[in-house]
Amino acid sequence: MTDIPDELVELERSCEAERAKLAGLCGEQYDAQWRAWRGAAEAFQTALSAYAVREGGSRYELEQAVKQAVRHTQEDPAP
């Protein structure tokens, strides 16, 4: 897959940033941040599914391409 929508890349970056914020948290702070991460992940997955349906491509291949693009443009934000 060569054409990765910027919207999907940004949503995945947002998801990864929210995941990274979980490090070191516990209790209510962890729970609140987990919900923020879950919301970001749901937004990414919803947009991913809609794009794959609209374009008629493989959802799995698109997801892998987006994740690879994000990982290659930044280091893992989680320790």
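Please read all numbers here as calculations on a predicted model, not as lab measurements.

Undergrad: What is the right way to read the nonpolar core from this model?
TA: One broad trend across soluble globular proteins is that nonpolar side chains are buried collectively. In this structure, Leu8, Val9, Phe44, Ala47, Leu48, Tyr51, Ala52, Leu62, Val66 and Val70 together form the largest nonpolar core, which totals 10 residues. Elements represented by at least two residues in this core include exactly helix H1 (6-20), helix H2 (27-55) and helix H3 (59-73). Looking at this core, the element that brings in the most residues is H2, giving five residues. Every residue in contact with Ala52, bar those within four places of it in the chain, is listed here: Gly57, Arg59 and Leu62.

Undergrad: It is not clear to me how the environment of Gln45 should be interpreted in this structure. Could you clarify?
TA: When you line up the elements, Gln45 lands in helix H2. Expressed as a C-alpha distance, the spacing of Gln45 and Glu63, which sit 18 residues apart in the sequence, is 8.5 Å. Once residues lying within four places of it in the same chain are set aside, the contact partners of Gln45 are Arg59 and Glu63.

Undergrad: Would you take a moment to explain H2 for this structure?
TA: Residues separated by three or four positions in an α-helix point in the same direction, a consequence of the helix having 3.6 residues per turn. Look at H2: 42 Å from first C-alpha to last across 29 residues, which is about the 42 Å you get at 1.5 Å a residue. Those residues of H2 not exposed but buried are Gln33, Ala40, Phe44, Ala47, Leu48, Tyr51 and Ala52. Gly56, located one to two residues past H2, shows a positive phi value of around 75 degrees.

About the thresholds
- Residues numbered from 1 in each chain as written.
- Predicted model: local features only at pLDDT ≥ 70, side-chain atom pairs only at ≥ 80, totals over all residues.
- Heavy atoms only, no water.
- Core = buried A, V, L, I, M, F, W, Y, C linked by side-chain atoms within 4.5 Å.
- Buried < 20%, exposed > 50% of the residue type's maximum accessible area, 1.4 Å probe, protein only.
- Helix = DSSP H or I, 4+ residues; strand = E, 2+ residues; numbered from the N terminus.
- Contact = heavy atoms within 4.5 Å.
- Expected span 1.5 Å × (residues − 1).

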